[in-house]
Amino acid sequence: MKRYGFTIGLIGSFILSGAAHYIGAPVFGPTAQFLIAAVAIIFVAGFLGKTTESVAHYAGERMGGFLNATFGNAAELIIAFFLVKDGMFDVVKASITGSIIGNMLLVLGLSVLIGGLKYKEQRFNVKLAGHSASLMMLAVIALFIPASFARSFTKMETAQLSVIVSVILIIAYLLWLFFSMVTHKNELSEEAVEHGEPAWSKGTSILFLIIATVMVAFDSEWLVGTLESFSHQYGLSELFVGAFLIAIVGNAAEHSAAIIMARKNKMGAAFEIAIGSSLQISLFVAPVLVLASLFFGKTMDLVFTSFELVAIGVAAFIAKSISQDGTTTWYEGVLLLVVYLILGIAFFLV
Amino acid sequence: MKRYGFTIGLIGSFILSGAAHYIGAPVFGPTAQFLIAAVAIIFVAGFLGKTTESVAHYAGERMGGFLNATFGNAAELIIAFFLVKDGMFDVVKASITGSIIGNMLLVLGLSVLIGGLKYKEQRFNVKLAGHSASLMMLAVIALFIPASFARSFTKMETAQLSVIVSVILIIAYLLWLFFSMVTHKNELSEEAVEHGEPAWSKGTSILFLIIATVMVAFDSEWLVGTLESFSHQYGLSELFVGAFLIAIVGNAAEHSAAIIMARKNKMGAAFEIAIGSSLQISLFVAPVLVLASLFFGKTMDLVFTSFELVAIGVAAFIAKSISQDGTTTWYEGVLLLVVYLILGIAFFLV
Amino acid sequence: MKRYGFTIGLIGSFILSGAAHYIGAPVFGPTAQFLIAAVAIIFVAGFLGKTTESVAHYAGERMGGFLNATFGNAAELIIAFFLVKDGMFDVVKASITGSIIGNMLLVLGLSVLIGGLKYKEQRFNVKLAGHSASLMMLAVIALFIPASFARSFTKMETAQLSVIVSVILIIAYLLWLFFSMVTHKNELSEEAVEHGEPAWSKGTSILFLIIATVMVAFDSEWLVGTLESFSHQYGLSELFVGAFLIAIVGNAAEHSAAIIMARKNKMGAAFEIAIGSSLQISLFVAPVLVLASLFFGKTMDLVFTSFELVAIGVAAFIAKSISQDGTTTWYEGVLLLVVYLILGIAFFLV
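Owing to the predicted nature of the structure, the values given are computational and were not obtained by experimental measurement. (Residues numbered from 1 in each chain as written. Chains lettered and ligands numbered in written order. Predicted model: local features only at pLDDT ≥ 70, side-chain atom pairs only at ≥ 80, totals over all residues. Heavy atoms only, no water.)

**Q** Explain the side chain of Ser-180 of chain A here, please?
**A** Residue and element names in this part refer to chain A. For Ser-180, the location among the structural elements is in helix H7 (residues 155-183). Overall, the relative accessible area of 17% leaves Ser-180 in the buried class. When near neighbours in sequence (up to four residues on either side) are disregarded, Ser-180 contacts Lys-185 and Leu-188. (Helix = DSSP H or I, 4+ residues; strand = E, 2+ residues; numbered from the N terminus. Buried < 20%, exposed > 50% of the residue type's maximum accessible area, 1.4 Å probe, protein only. Contact = heavy atoms within 4.5 Å.)

Okay, here's the thing in structure tokens:
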């Protein structure tokens, strides 16, 4: 029953979103177009997540973990890819920022708060938290350095630095996967994210993965197409739209998954989803987008605005401070959400 | 005997301070006026602290804790209130800064050093320290964000952001009190701050509380009145006067209380006084002053100067670094004091 | 056998370096001069280290520890001294920066990585790591504050602040030695750096120490003399030469010592060498150079460029984050090296 509802939602929202895109005004105004496209993305991102997991299941534990770790944010990657293609670099960076802080503050904050309302204190593996925090420091540093040096660099030098840093970050991320899945697998994983049995056979999974990817691609292009007129209509800055609206839409899957884990008292898994997703975006998705931009003839650099850097830095520090002791309480969830709220208001007012 | 001395000091300094205010030059020069007013404030702040505690005692444990936590810095709040009324926003912010760093560096540093000279190593509840550090991060972030965004904001938008952030901070602070006094009371309080028996009956306590508040109000106004000519006479900047002189005067009560606890090897209580006071100032006093300024027709924003932000950030980081392991040694007290000294010299030279 | 090789290398490189200095072009081009001088420094720094250790051995445990702790970076100090004499303040500061980040990122990173390839997890005394991290925070703060305030200071005020801060830092460093070698010796030292038997008798050691110091002085002046034409030839900035080339040359001794300790699973000793050296440079060598500059008539201030501050801050944070839990793995070495690499590329491009 539940699955039929999902299938109908998935296909229905896809068709509606396509219709809204091709028919356009006056039948579909900017608001309707944006909302329909957002709903379609939420459905198809969920579908893509499920198919990735299913294919990962058949690929064996190690390869599967790798697939999950690199394509878990496939939806965000594809949305951003279309933004890069259109040269909307500022929106891309805003949505990267938004995805990082959305995962570290909103997803994690809601999980910790909701979990904390049920359990007085929740525990998780400090070792993993420590390593994740160090990696997050690397991510913050990597995004911070190009911006610090950009002022006295030429555009060319900044682009060079961005490309080199991107390559280094991808290598560091691959080594991290090797470390956490091969050499130190047992030390880090105390409680695994529950995956359950795959829903489909191997062949169907692969077929569905391909279909899901294609659908995400279409949906993403349609969503990106609605952005300009939508943000224009409400007088929203591209920064706010990218960093909050698109990021919340793109992270919908992480939200539900992390909160479910928190309510099952598997706070370690909730952390893995939220922080893992932030790491993936900053150490893998962002640099891949920089390299992808090379093929479109105009290099996207890694120079984030000072607002974005403040937001990412602030999110990383508060998340680190809270995860440090290996336990969480409801109030720590409140702290994360409060910081998210303050940042959201500041970005809204910009 | 000791109490009589205090009573005489309290009343005598109050009268003298009033006389200095109304008679003025040539009998009382700027230096004499300032010193007399400062001594009067130290006495009356001590009196206000004692009466608050006594009323808190009769109000029952929970309500009493709440009273202590919100009105423990009543003297600072009242001083700042008069500064806000006079539109001296820069001095207010400087004194907020000074009070935060004074508590985190000077009060804590002296306690840790003096305690550490007596005991080789002193321990305290790491869990409380961890939560306090996270809250302090929130405070730093909350003061940092308006300043980061102010450059590209209009004055109006900055004021809006400051008011909204203030409301959020007050809510976050009230939730913290609910957390630390209701839902997680037992987890956090390992060793309570000793209060002892109240000195007066219930009725007398309330009467004295009212009297103390009125006296603080007068003394504060007189102190504020001396600032301009005093700082002018010695060529001191308002920043230095607000951040160091006023803050040291306002924190006198915390100093003696925290050091007494440290010498009794109750380092947890000393931390609670010093860090708790910093949190109260940044999460409660500062936002309340912003809201209060609305009633005087000119909004005080939360935009601190970069010097102040550096000072607050630096103080929070070194205090966090030192409290992290749940133990202190005399050298960590030295570190805190050294940072305070360096900041003091830098502010003096500005 | 090994010792003969070292002696020949030491004397040979010294003579060659002198020849290169006095004969100069066209026999010795800028590259040859620089390389010869660098090799000579590496040999003589090793010699100086050995003689210091030997003299320290005869001086008794406490005095010896003090000698090691203050003159362990004698080579860097002497090189910098000649740079200060020539008024090359920017190169001095760049080499201080480079030495700090070189120790915290390159030396420590290589040790952690190489040790981690042999042992799955390496442990060390968390207490020492915690104190070192707090001290490093102080160092970062002390270098940060003059730069933050410099913009609104006159040159005179900045120089004043720098001198005062320098004196405070030296006192803080001496108190640290007193703390770690006298009052809390046993708490901090879990595993000592192995020194072994001294190679020479007491008299010979002192004689050799004097000879080594004189040789370092000559070699340093010759190395400094090659800098301008060498960096000019390859279009390298003084910042890059100072922060990377000179620093790597000057830290050669620490590199080999720390890695040897790491391979013996004495990670605590490796940390002590790397972090201890960083602390020595920032809390002792840098302020001593400021005071030394007073004698040459032109005060060197402690105002570092924002690039340098970013580099030092970033290095301190990632090193702190990694050392926090008292264990290291190979991946944490990778993280440190990645940050070093990114910084190196950024400085190279400046």
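**Q** Quick question: what am I supposed to make of the relation of the copies chain B and chain A here?
**A** Copy one and copy two of the chain differ by a rotation about a common axis and a shift along it. The two copies are related by a screw motion: chain B maps onto chain A through a turn of 120 degrees and a shift of 0.0 Å along the axis, at an RMSD of 0.0 Å. Within this description, the copies of the chain are treated as partners about a three-fold rotation axis. Taking C-alpha positions as the reference, the residue of chain B nearest the rotation axis is Gln-324 of chain B, at 5.6 Å. A different interface surface on each copy is seen, since only 6% of the contact residues of chain B are contact residues in chain A too. (Least-squares fit on C-alpha atoms with pLDDT ≥ 70 in both.)

**Q** Where do I start with the interface of chain B and chain A in this structure?
**A** One frequent convention defines the size of an interface as the accessible area lost when the parts assemble. Tallying the contact residues gives 34 residues for chain B and 27 residues for chain A. Both sides together, the interface formed by chain B and chain A hides about 2700 Å², and carbon and sulfur atoms give 75% of it. In this structure, the connection of chain B to chain A is made through zero salt bridges. On inspection of chain B and its partner chain A, the count reaches seven residue pairs in polar contact (both at pLDDT 80 or more). Those elements that provide at least two residues to the side of chain B that touches chain A are helix H6 (126-150), helix H7 (155-183) and helix H13 (306-323) of chain B. The greatest single-element share of the side of chain B that touches chain A, amounting to 14 residues, is contributed by H7 of chain B. (Buried area = accessible area lost by both parts, 1.4 Å probe. Salt bridge = Lys/Arg side-chain N within 4 Å of Asp/Glu carboxyl O. Polar contact = N/O pair within 3.5 Å; in protein donor to acceptor, adjacent residues only side chain to side chain.)

**Q** What's the story with the interface of chain C and chain A in this structure? I'm lost.
**A** Each partner contributes to the interface: chain C provides 27 residues, whereas chain A provides 34 residues. Here chain C packs against chain A, burying approximately 2800 Å² in sum over the two surfaces, 75% of which is carbon and sulfur. On the surface where chain C and chain A come into contact, there are zero salt bridges. Among the elements of the structure, helix H13 (306-323) and helix H14 (330-349) of chain C are those that each provide at least two residues to the side of chain C that touches chain A. Counting residues per element, the side of chain C that touches chain A draws most heavily on H14 of chain C, at 14 residues.

**Q** Looking at this structure, I do not really get the packing of aromatic side chains. What am I missing?
**A** The geometry of two aromatic rings is summed up by the distance between their centres and the angle between their planes. Enumeration according to the criterion identifies 82 aromatic pairs over all chains in this entry. Relative to Phe-208 of chain C, the ring of Phe-47 of chain C lies with its centre 5.7 Å away and its plane at 55 degrees, an arrangement referred to as tilted. Within this pair, whereas Phe-47 of chain C is found in helix H2 (residues 30-58), its partner Phe-208 of chain C is found in helix H9 (residues 202-234), the two being separated by 161 residues in sequence. Taken together, Phe-149 and Phe-153 of chain A together with Phe-240, Phe-244, Phe-307, Tyr-340, Phe-347 and Phe-348 of chain C form an aromatic cluster joined through their ring pairs. The aromatic ring of Phe-6 of chain A is capped on one face by Lys-50 of chain A, whose charged end is 4.3 Å from the ring centroid. (Phe/Tyr/Trp six-rings, centres within 6.5 Å; stacked < 30°, edge-to-face > 60°. Lys NZ or Arg CZ within 6 Å of the ring centre and 35° of its normal.)

**Q** Would you mind going over the side chain of Thr-327 of chain A with me for this structure?
**A** Residues and elements named next belong to chain A. Checked against the element boundaries, Thr-327 lands in strand S2 (residues 327-328). Of the residues examined, Thr-327 reaches a relative accessible area of 4% and is grouped as buried. Apart from the residues within four sequence positions on either side, Thr-327 is in contact with Glu-121, Gln-122, Arg-123, Phe-124, Ile-322 and Glu-332.

**Q** Mind showing me how you'd approach the pattern of salt bridges here?
**A** Pairing between side chains becomes possible if they bear opposite charge and their charged atoms approach one another. Residue and element names in this part refer to chain A. Per the stated rule, a full pass over the model turns up nine salt bridges over all chains. One salt bridge in this structure joins Glu-221 and Lys-85, with 3.6 Å as the shortest N-O distance. With Glu-221 in helix H9 (residues 202-233) and Lys-85 in helix H4 (residues 74-85), the pair connects residues that are 136 residues apart, well separated along the chain. The class of Glu-221 is partly exposed, set by a relative accessible area of 35%.

**Q** I'm lost on the packing of helix H5 (residues 89-118) of chain C against H13 of chain C in this one. Help?
**A** To characterise two packed helices, one gives the angle between the axes of the helices and the distance between these axes. Residues and elements named next belong to chain C. Packing of H5 against H13 brings their axes to within 9 Å, and their N-to-C directions diverge by 15 degrees. As far as their axial angle goes, H13 and H5 are roughly parallel. The crossing of H5 and H13 is left-handed. Together, Asp-90, Lys-93, Ala-94, Thr-97, Ile-100, Ile-101, Met-104 and Leu-105 of H5 and Glu-308, Ala-311, Ile-312, Ala-315, Ala-316, Ile-318 and Ala-319 of H13 make up the contact between the two elements. (Axes fitted to C-alpha atoms, helices over the stretch in contact; angles between N-to-C directions. Parallel < 35°, antiparallel > 145°, perpendicular 65-115°, else oblique. Left-handed = near helix turned anticlockwise from the far one by under 90°.)

**Q** I keep staring at helix H10 (residues 238-250) of chain C and nothing clicks. Help me out?
**A** Each α-helix turn comprises 3.6 residues. Residues three or four places apart therefore point the same way. Residue and element names in this part refer to chain C. Of all 13 residues making up H10, 10 are buried, and the element is well covered by its neighbours. Within the span of H10, buried status applies to Leu-239, Phe-240, Val-241, Gly-242, Ala-243, Phe-244, Ile-246, Ala-247, Val-249 and Gly-250. Taking the backbone nitrogen of Phe-240 as reference, a side-chain oxygen 3.1 Å away marks Ser-237 as the first, capping residue of H10.

**Q** Could you clarify how one ought to interpret the nonpolar core in this entry?
**A** Nonpolar side chains tend toward joint burial in soluble globular proteins. Ranked by size, the top nonpolar core spans 376 residues in total, and within it Phe-347 of chain A, Leu-343 and Phe-347 of chain B together with Leu-343 and Phe-347 of chain C carry the most contacts. Apart from residues no more than four positions distant in its own chain, Leu-343 of chain C is found in contact with Ile-145 of chain A together with Ile-101, Leu-105, Phe-244, Ala-311 and Val-314 of chain C. (Core = buried A, V, L, I, M, F, W, Y, C linked by side-chain atoms within 4.5 Å.)

**Q** I tried to follow the packing of H5 of chain C against helix H12 (residues 267-295) of chain C on my own but got confused; where do I start?
**A** Residue and element names in this part refer to chain C. Closest axis-to-axis distance for the H5/H12 pair is 9 Å, and the angle between their directions is 175 degrees. When the axis of H5 is compared with that of H12, the two are roughly antiparallel. Of H12, the residues touching H5 (which contributes Val-92, Ile-96, Ser-99, Ile-100, Asn-103, Met-104, Val-107, Leu-108, Ser-111 and Val-112) are Met-267, Ala-270, Phe-271, Ala-274, Ile-275, Ser-277, Ser-278, Ile-281, Ser-282, Ala-286 and Leu-289. Residue classes in the contact of H5 with H12 are distributed as 15 nonpolar, six polar and no charged. (Nonpolar A, V, L, I, M, F, W, Y, C, P; charged D, E, K, R; others polar.)

**Q** Please explain the environment of Ala-40 of chain A as it appears in this structure.
**A** Tracing the chain through its elements places Ala-40 of chain A in helix H2 (residues 30-58). Distance in space between the C-alpha atoms of Ala-40 of chain A and Gly-18 of chain A is 9.6 Å, their sequence separation being 22 residues.

**Q** Just to check I follow, could you spell out the UniProt feature "domain: Sodium/calcium exchanger membrane region" (unreviewed entry) in chain A for this structure?
**A** In this structure's numbering, the residues bearing the UniProt feature "domain: Sodium/calcium exchanger membrane region" (unreviewed entry) are residues 31-181 and 205-343 of chain A. Helix makes up 83% of residues 205-343 of chain A and strand makes up 1%, while its end C-alpha atoms are separated by 40 Å. (UniProt positions renumbered as here; feature names shortened; annotations may be inferred.)

**Q** Quick question: what am I supposed to make of the confidence of the model for chain A here?
**A** Interpretation of the predicted coordinates at a detailed level should be avoided for regions scoring low in pLDDT. Of all residues in chain A, 94% have pLDDT values of 70 or greater, and the mean over the chain is 85. Among the scores for the predicted complex, ipTM is 0.85 and pTM is 0.87. (pLDDT = per-residue confidence, 0-100.)

**Q** Looking at this structure, I do not really get a nonpolar patch on the surface. What am I missing?
**A** Residues and elements named next belong to chain A. A cluster of nonpolar side chains, Tyr-22, Ile-206, Ile-210, Val-214 and Phe-218, forms an exposed patch at the surface whose accessible area comes to about 500 Å². Looking at which element gives the most residues to the nonpolar patch, the answer is H9, with four residues. Along the chain, Ile-206 turns up in helix H9. For Ile-206, a relative accessible area of 40% puts it in the partly exposed group. (Patch = residues over 30% accessible without salt bridge, like charges linked within 9 Å, V, L, I, M, F, W, Y side chains within 5 Å. Areas by Shrake-Rupley, 256 points an atom, 1.4 Å probe, with all protein chains shown as cover.)

**Q** Could you clarify how one ought to interpret the environment of Phe-179 of chain B in this entry?
**A** Mapped onto the elements, Phe-179 of chain B comes out in helix H7. Excluding its chain neighbours within four sequence positions, the residues that come into contact with Phe-179 of chain B are Thr-329, Trp-330 and Tyr-331 of chain A together with His-131, His-184, Lys-185 and Leu-188 of chain B.

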